[in-house]
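Below, each chain spelled out in residue letters.
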Amino acid sequence: MSRFVRSFVFLAVGAGATAAGMMAWPIGMDPPDGLDMLTGDVDRGAYLARASGCIACHSNFEAGGAPLAGGKPIVTRFGTFYPPNITTDPEHGIGAWTVSDFARAVRQGISPEGDPYYPTFTYMFYGDFSDQDIADLWSAFQTVPAVAEPSPPQEAIFPLGQRWVMKLWRAAFLMEPDTAADPEQTAQWNRGKWLVEGAGHCGACHTPRNLAGARIDTERFAGNDRLPEKNQAPAIRPTDLRDSGWDLTSLAYALRSGIMPDGDVFGGTMAEVVTEGTRFLSDDDLTAIATYLLQSNLPEDTN
């Protein structure tokens, strides 16, 4: 056997062993015991689902789809991804899941089989959801009628079609949400932080991404002109918002109505966010979001 052939065989065997090791590498943590003993609040869970964008993402209303039966395609440079059916159907939805399966999916982005979800699912923003939050969401989803329709398979480019590859992405880029309360701030500001940095996952769209599709945290809320479907998200740092004519009242109103200070209306993805999400939030929560966005101390805010 020539030296070239031996080297090739050695590299092939090494690559195969590495891939096998990555596929077997367990990720995440087991949910705490007792989740199934908590009593969930359906109304609070439905509210949190709206705040978290579940309906907008997992429903393809434009194609006549049922609520939460699977979202419209998300076309990215990494492939086309389809938010799955999360109705109570036991075969095509989450009807056969346990609350622990649900908790791992929502807070850690891991399927019941232990596979990582693609980061088009914004699970990384939900990592600080409490056990009660999970119980409430779970109770709300149990009221969703089953829809026996499979979601299309994901169409990720090579090699991302191999789910285990996402374990490497998680190891390199997965960030915990910064939702911890600041004792020096008001309750309203802290509620806004929890919604913006967590459930509302504003940074998913309004923060630029690197070549691997991960958020560039040093440019948080600096805007993103490479969203799916050629959509763009403007910068929403305090100075950017103020320079564009936003104040507390107009920002809270826009999140309710979709109408901007100049009389124009939100379009694209933000229109969906309002229609299926923020317009259902309380006035207090909309004001909290506006307060945090206009008063947060981001590194880029020099005023």
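This text gives an overview of the structure that appears in the document. (Residues numbered from 1 in each chain as written. Predicted model: local features only at pLDDT ≥ 70, side-chain atom pairs only at ≥ 80, totals over all residues. Heavy atoms only, no water.)

**Some remarks on the packing of helix 10 (residues 248-257) against helix 12 (residues 283-295)**
The description of two packed helices rests on the angle between their axes and on the distance between the axes.
Now for step 1: For the pair helix 10 and helix 12, the least separation of the axes is 8 Å and the interaxial angle reads 125°. The angle between helix 10 and helix 12 places the two elements in the oblique class. Here helix 10 runs over helix 12; the crossing is right-handed. Taken together, the residues of helix 12 that come into contact with helix 10 (itself represented by Leu248, Leu251, Ala252, Leu255 and Arg256) are Asp283, Leu286, Thr287, Ile289, Ala290, Thr291, Leu293 and Leu294. (Axes fitted to C-alpha atoms, helices over the stretch in contact; angles between N-to-C directions. Helix = DSSP H or I, 4+ residues; strand = E, 2+ residues; numbered from the N terminus. Parallel < 35°, antiparallel > 145°, perpendicular 65-115°, else oblique. Left-handed = near helix turned anticlockwise from the far one by under 90°. Contact = heavy atoms within 4.5 Å.)

**As for helix 10**
Now for step 1: Of the residues making up helix 10, those classed as buried are Ser250, Leu251, Ala252, Ala254 and Leu255.
Now for step 2: Looking at the buried positions of helix 10, the neighbouring elements they touch are helix 9 (238-243), helix 11 (268-276) and helix 12.
Now for step 3: Between the side-chain oxygen of the N-cap and the backbone nitrogen of Thr249 there are 3.2 Å, and the N-cap of helix 10 in question is Asp247.
Now for step 4: Gly258 sits one or two residues past helix 10 and shows a positive phi near 85°. (Buried < 20%, exposed > 50% of the residue type's maximum accessible area, 1.4 Å probe, protein only. Polar contact = N/O pair within 3.5 Å; in protein donor to acceptor, adjacent residues only side chain to side chain.)

**Regarding the nonpolar core**
Now for step 1: Core analysis: the largest hydrophobic core is formed by 56 residues, its most contacted members being Phe102, Phe129, Phe141 and Leu293.
Now for step 2: Residue assignment for this core shows that the elements contributing at least two residues are helix 2 (42-51), helix 3 (54-58), helix 4 (99-108), helix 5 (131-141), helix 6 (165-173), helix 7 (187-199), helix 10 and helix 12.
Now for step 3: A total of six residues in this core trace back to one element, the largest contributor, which is helix 12.
Now for step 4: Apart from residues no more than four positions distant in its own chain, Phe129 is found in contact with Leu48, Ser52, Val106, Arg107, Ile134, Leu137, Trp194 and Ala199. (Core = buried A, V, L, I, M, F, W, Y, C linked by side-chain atoms within 4.5 Å.)

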